[in-house]
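Here is what each chain is made of, one letter per residue.
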Amino acid sequence: MAFSDKSRHSLIPNFLYSPSSSTNLLISRATNHSSFSAPSPVTDGSNFVVPAPSEPFGKIEMYSPRFYAACTAGGILSCGLTHMTVTPLDLVKCNMQCFLIVLFIDPVKYKSISSGFGVLLKEQGVRGFFRGWVPTLLGYSAQGACKFGFYEFFKKYYSDIAGPEYATKYKTLIYLAGSASAEVIADVALCPMEAVKVRVQTQPGFARGLGDGLPKFVRSEGALGLYKGLVPLWGRQIPYTMMKFASFETIVEMFYKYAIPTPKNECSKSFQLGVSFAGGYVAGVLCAIVSHPADNLVSFLNNAKGASVGDAVKKLGVWGLFTRGLPLRIVMIGTLTGAQWGIYDAFKVFVGLPTTGGAAPPAAIEVAKS
């Protein structure tokens with residue numbers, strides 16, 4: 001498929017590909033984004049043709065509507081499946097966080113991680129570990145679609161506004177701004193399911209799952225009650241996502257620059273996916289630490305009818321906000337984030353797109369030389 005220089009620049013962000021030479025697209029794809037061998041460009045002075053590295057779904061041009069659709073689908077898989085899988089860890093964590101609400105949670109039961117698992121197994125059996133899995137799957141699938149899809153969109157949008165020089169010089173700010181903007185939208189999609197999930201998981205007898213839990217929640221607190229925890233959710237998820245994307249992109253770049261002797265484009269696909277998982281795990285640990293106080297607030301507010309942020313701070317205390325349930329959340333979020341980046345990049349490779357992160361874009365090198 002041939003397209004003009006004008007149409008090409010409408011699809012490719014200035015941040016990633018300098019408009020000074022049509023061959024920069026080829027160089028960037030070969031050195032910065034994937035391990036696929038470089039195709040030979042065909043030019044006739046006005047047109048430029050580059051085959052996709054693999055084409056199970058046909059050619060997907062970078063930053064085209066099909067590219068964003070693929071990233072959205074990858075986000076659904078990466079977030080929905082991983083959060084559903086760690087439902088048992090999330091269940092124990094939520095009960096530990098809500099230990100002070102004595103009307104619903106016995107503080108003696110959940111004094112440690114091991115005792116929490118033991119109590120759940122004794123009282124509810126193995127099936128009890130997956131209570132609330134349906135709202136978890138639906139909520140985080142919707143969140144993942146918006147998180148990854150809009151991140152790719154805003155990363156291009158902000159880099160185009162900044163221009164090639166400033167976008168490459170301040171690329172970390174581009175990652176932070178793009179991820180924060182995407183998460184604002186993603187949390188609106190997540191919030192109703194998160195509210196039902198927490199209530200089902202932490203109030204025994206409230207509901208069996210989403211089918212009876214959602215109507216009961218709405219009857220009790222109204223439809224707007226589903227968004228009562230939106231602001232604390234933003235407080236938890238926006239710092240988390242900013243750290244998740246910016247640190248991941250930076251960590252992966254550092255891996256390839258300092259720790260891996262082989263250039264990224266010469267590494268195998270499976271090796272690149274291993275780097276994605278490792279970078280995601282390290283990023284996830286950082287994410288858990290910076291977002292944990294807000295996570296405690298979300299669990300408290302969604303479990304206590306009529307409670308405010310002030311009530312939560314008063315009951316939990318500053319130390320409790322930062323530490324209650326943190327070790328378990330570090331394990332959960334580290335594994336979760338590593339798996340998410342692994343699944344997301346695996347899906348991108350499957351449809352013929354490059355993995356995320358790597359060496360600095362060629363545009364940055366050109367700016368440095370000029």
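Residues numbered from 1 in each chain as written. Predicted model: local features only at pLDDT ≥ 70, side-chain atom pairs only at ≥ 80, totals over all residues. Heavy atoms only, no water.

Turning to the side chain of Q237, a few remarks are in order. Counting through the fold element by element, Q237 comes out in helix α9 (residues 230-259). Beyond its immediate chain neighbours, meaning those up to four positions away, Q237 contacts Q143, K147, E183 and D187. (Helix = DSSP H or I, 4+ residues; strand = E, 2+ residues; numbered from the N terminus. Contact = heavy atoms within 4.5 Å.)

A word on the environment of G338. The residue G338 is located in helix α12 (residues 326-350) in this model. A residue is classified by how much of its surface remains accessible, and G338, at 0% relative accessible area, is buried. C-alpha separation for the pair G338 and F248, spaced 90 residues apart in sequence, amounts to 9.6 Å. In this structure G338 touches S276, F277, G280 and Y281, once residues within four positions along its chain are discounted. (Buried < 20%, exposed > 50% of the residue type's maximum accessible area, 1.4 Å probe, protein only.)

What follows covers helix α7 (residues 171-202). Along its length, α7 reaches its greatest deviation from straightness, about 45°, at L190, and the proline P192 lies no more than four positions downstream. Buried residues dominate α7, accounting for 24 of its 32 residues. (Bend = angle between axes of the 7 residues up to and from the residue.)

Attention shifts here to the packing of helix α6 (residues 133-169) against α7. Packed helix pairs are specified by the crossing angle of their axes together with the interaxial distance, meaning the distance between the axes. Following both chains from N to C, one finds α6 and α7 inclined at 170°, their axes separated by 5 Å at the closest point. On the basis of their axis angle, the class for α6 and α7 is roughly antiparallel. Viewed along their axes, α6 and α7 form a crossing whose handedness is right-handed. In the contact of α6 with α7, the residues fall into 20 nonpolar, nine polar and eight charged. (Axes fitted to C-alpha atoms, helices over the stretch in contact; angles between N-to-C directions. Parallel < 35°, antiparallel > 145°, perpendicular 65-115°, else oblique. Left-handed = near helix turned anticlockwise from the far one by under 90°. Nonpolar A, V, L, I, M, F, W, Y, C, P; charged D, E, K, R; others polar.)

Another point: the packing of aromatic side chains. For the structure on display, the rule yields 18 aromatic pairs. Between Y63 and Y68, the ring centres sit 6.3 Å apart and the planes meet at 70°, which makes this aromatic pair edge-to-face. Across the pair, exposure class does not vary: Y63 and Y68 are buried alike. Relative to Y344, the ring of W341 has its centre 5.8 Å away and its plane inclined at 75°; by these criteria the two rings are edge-to-face. Taken together, the residues span about one helical turn, with W341 and Y344 both in helix α12 at a distance of three residues. For W341, a relative accessible area of 1% puts it in the buried group. Through a chain of ring-to-ring contacts, three or more aromatic side chains come together here, namely Y63, F67, Y68, F150, F153, F154, Y157 and Y158. (Phe/Tyr/Trp six-rings, centres within 6.5 Å; stacked < 30°, edge-to-face > 60°.)

F67, F148, Y256, W341, V351 and L353 are the most contacted members of the largest nonpolar core, which has 28 residues in total. Put simply, the parts of the chain that give this core at least two residues each are α3 (65-85), α6, α7, α9, α10 (269-303) and α12. In terms of residue count, the dominant contributor to this core is α9 (six residues). Discounting residues that sit within four places of it in the chain, F148 has contacts with C71, G75, S78, C79, K244, F245, W341 and Y344. Counting residues in each nonpolar core, the second largest holds nine residues, with V196, F206, A207 and F217 among its members. (Core = buried A, V, L, I, M, F, W, Y, C linked by side-chain atoms within 4.5 Å.)

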